[in-house]
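Residue-level structural notes
These are the residues of each chain, in order.
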Amino acid sequence: MTAYYLEHQKLYVSVDVIVFGFEENRLKVLIGRRQMDPGRGEWSLYGGFVAADEGIDECAERTLLELTGLKKLFIRQVGAFGAIDRDPGERVVSVAYYALINVKDYNEKLRLKHNVEWVDVNQLPTLYSDHNEMVCQALRRMQLKMRTEPIGFRLLPQLFTLTQLQRLYEAVNGQEIDKRNFRKRIKDMDFIEKTDLIDKDSSKRGAALYRFNKKAYKEDPNFKL
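Residues numbered from 1 in each chain as written. Predicted model: local features only at pLDDT ≥ 70, side-chain atom pairs only at ≥ 80, totals over all residues. Heavy atoms only, no water.

Some points on the overall build of the chain
- Broken down by element type, the chain carries six helices and nine strands.
- Along the longest, intermediate and shortest principal axes, the C-alpha atoms of the chain span 70 × 35 × 30 Å.
- When each of the 225 residues of the chain is scored for burial, the buried share is 43%.
- Across the chain, contacts joining residues at least 24 apart in sequence account for 65% of those joining residues at least 6 apart.
- For the chain, the distance from the average site of its 37 positive side-chain charges to the average site of its 33 negative ones is 7 Å. (Helix = DSSP H or I, 4+ residues; strand = E, 2+ residues; numbered from the N terminus. Buried < 20%, exposed > 50% of the residue type's maximum accessible area, 1.4 Å probe, protein only. Contact = heavy atoms within 4.5 Å. Lys, Arg positive; Asp, Glu negative; His and termini not counted. Charge placed at Lys NZ, Arg CZ, Asp CG, Glu CD.)

Next comes the structure, spelled out in structure tokens:
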């Protein structure tokens, strides 16, 4: 360690992760009861402090892996939160990230181990510190991203119906979408590929199953939904 910057006050840097999932036609967030002071027992996002030997992106990836057991997730930084009084314990600056996962890929044992729950994004309780604001900003960033990139497929199973896809966009944007116009736009997207498989669970007649074709998407840079 050097003797530089001794005249400046030290502070802590942490990350908090907003993990979005899509279940029962609802956009949900993973939250749990805080296991440490200050704020023990309050609803909170999952997070951790940045270690001396890792960058903030590495810390976010490590935190997500610890929480979900999943690798190579879609993850993007939301921003830094550094209000002076945001943490009553110490001076802490937190960098928030959001991630998208398919709920069915999440191991139930891990969820129970970390004592977290999937909660509807529109029914979140009051969270610790500025965590509600983190969720709001993450949702806005995701909404903007989904207009120009098909990141929503990260929230769906590999095979999905067009109804599931429409319900996802409605849940993320908080408004209904005209079915006819939505399906018309989908038909113009070569990277949403119809398969020969049928989902017989969602309706008596059965619904065609689709999948996301990454290769076709890379050849179609003009995506906009």
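After presenting the structure, the write-up continues.
Considering the packing of helix α3 (residues 131-148) against helix α4 (residues 162-173)
- Orientation of α3 relative to α4, taken along the N-to-C sense of each, is 140°, at an axis distance of 9 Å. Overall, the two elements α3 and α4 adopt an arrangement that is oblique. Relative to α4, the crossing made by α3 is left-handed. Residue-level contacts link Leu 139, Met 142, Gln 143 and Met 146 of α3 to Leu 168, Tyr 169, Val 172 and Asn 173 of α4.
- Grouping the constituent residues of the contact of α3 with α4 by class yields six nonpolar, two polar and no charged. (Axes fitted to C-alpha atoms, helices over the stretch in contact; angles between N-to-C directions. Parallel < 35°, antiparallel > 145°, perpendicular 65-115°, else oblique. Left-handed = near helix turned anticlockwise from the far one by under 90°. Nonpolar A, V, L, I, M, F, W, Y, C, P; charged D, E, K, R; others polar.)

Looking at the packing of aromatic side chains
- A complete count under the given rule lists nine aromatic pairs for this structure.
- An angle of 85° between the planes, with centres 6.2 Å apart, marks the rings of Tyr 106 and Trp 118 as edge-to-face. Highlighted residues: Tyr 106 in the loop between β6 (92-100) and α2 (108-114) and Trp 118 in strand β7 (residues 116-120), separated in sequence by twelve residues. For the pair Tyr 106 and Trp 118, a shared accessibility class is recorded, and that class is buried. (Phe/Tyr/Trp six-rings, centres within 6.5 Å; stacked < 30°, edge-to-face > 60°.)

Describing the packing of α4 against helix α5 (residues 179-187)
- In contact at an axis separation of 11 Å, α4 and α5 are set at 110° when each is read in the N-to-C sense. If you check the angle between α4 and α5, you find them roughly perpendicular. Counting all contacts with α4, which are made through Leu 162, Thr 163, Leu 165, Gln 166 and Tyr 169, the residues of α5 involved are Lys 179, Phe 182, Arg 183 and Ile 186.
- Across the contact of α4 with α5, the residue classes break down as five nonpolar, two polar and two charged.

Quick look at the nonpolar core
- Ile 18, Phe 20, Tyr 98 and Met 142 are the most contacted members of the largest nonpolar core, which totals 43 residues.
- Mapped by element, the contributors of at least two residues to this core are β1 (12-23), β2 (26-33), β5 (74-81), β6, α3, α4, α5 and β9 (207-212).
- Among the nonpolar cores identified, the runner-up in size contains 19 residues, and Val 15, Tyr 46, Tyr 97 and Ile 101 belong to it. (Core = buried A, V, L, I, M, F, W, Y, C linked by side-chain atoms within 4.5 Å.)

Some details on a nonpolar patch on the surface
- Taken together, the side chains of Tyr 12, Met 36 and Phe 49 define a hydrophobic patch exposed on the protein surface, amounting to about 300 Å² of accessible area.
- Relative to the helices and strands, Tyr 12 is located in strand β1. (Patch = residues over 30% accessible without salt bridge, like charges linked within 9 Å, V, L, I, M, F, W, Y side chains within 5 Å. Areas by Shrake-Rupley, 256 points an atom, 1.4 Å probe, with all protein chains shown as cover. Salt bridge = Lys/Arg side-chain N within 4 Å of Asp/Glu carboxyl O.)

Considering the side chain of Lys 28
- Here Lys 28 is to be found in strand β2.
- Under the relative-accessibility criterion, Lys 28 is labelled buried at 10%.
- Within the structure, Lys 28 has its side chain in polar contact with the side chain of Glu 23 (distance 3.2 Å).
- Leave out the neighbours within four places in its chain, and Lys 28 touches Val 19, Phe 20, Gly 21, Glu 23, Trp 118, Val 119, Asp 120 and Val 121. (Polar contact = N/O pair within 3.5 Å; in protein donor to acceptor, adjacent residues only side chain to side chain.)

Observations regarding the pattern of salt bridges
- Scanning all chains against the criterion turns up eleven salt bridges.
- Notably, a salt bridge pairs Glu 108 with Arg 111, separated by 2.6 Å at the nearest N-O pair. Here the residue Glu 108 and the residue Arg 111 both occupy positions in helix α2, the gap between them amounting to three residues, near one helical turn.
- With a closest N to O distance of 2.8 Å, Arg 211 and Glu 193 form a salt bridge. One end of the pair, Arg 211, is in strand β9; the other, Glu 193, is in strand β8 (residues 192-199), with 18 residues separating them in the sequence.
- When its relative accessible area of 27% is taken as the criterion, Glu 193 is described as partly exposed.
- Members of the salt-bridge network, linked through shared partners, are Glu 23, Glu 24 and Lys 28.

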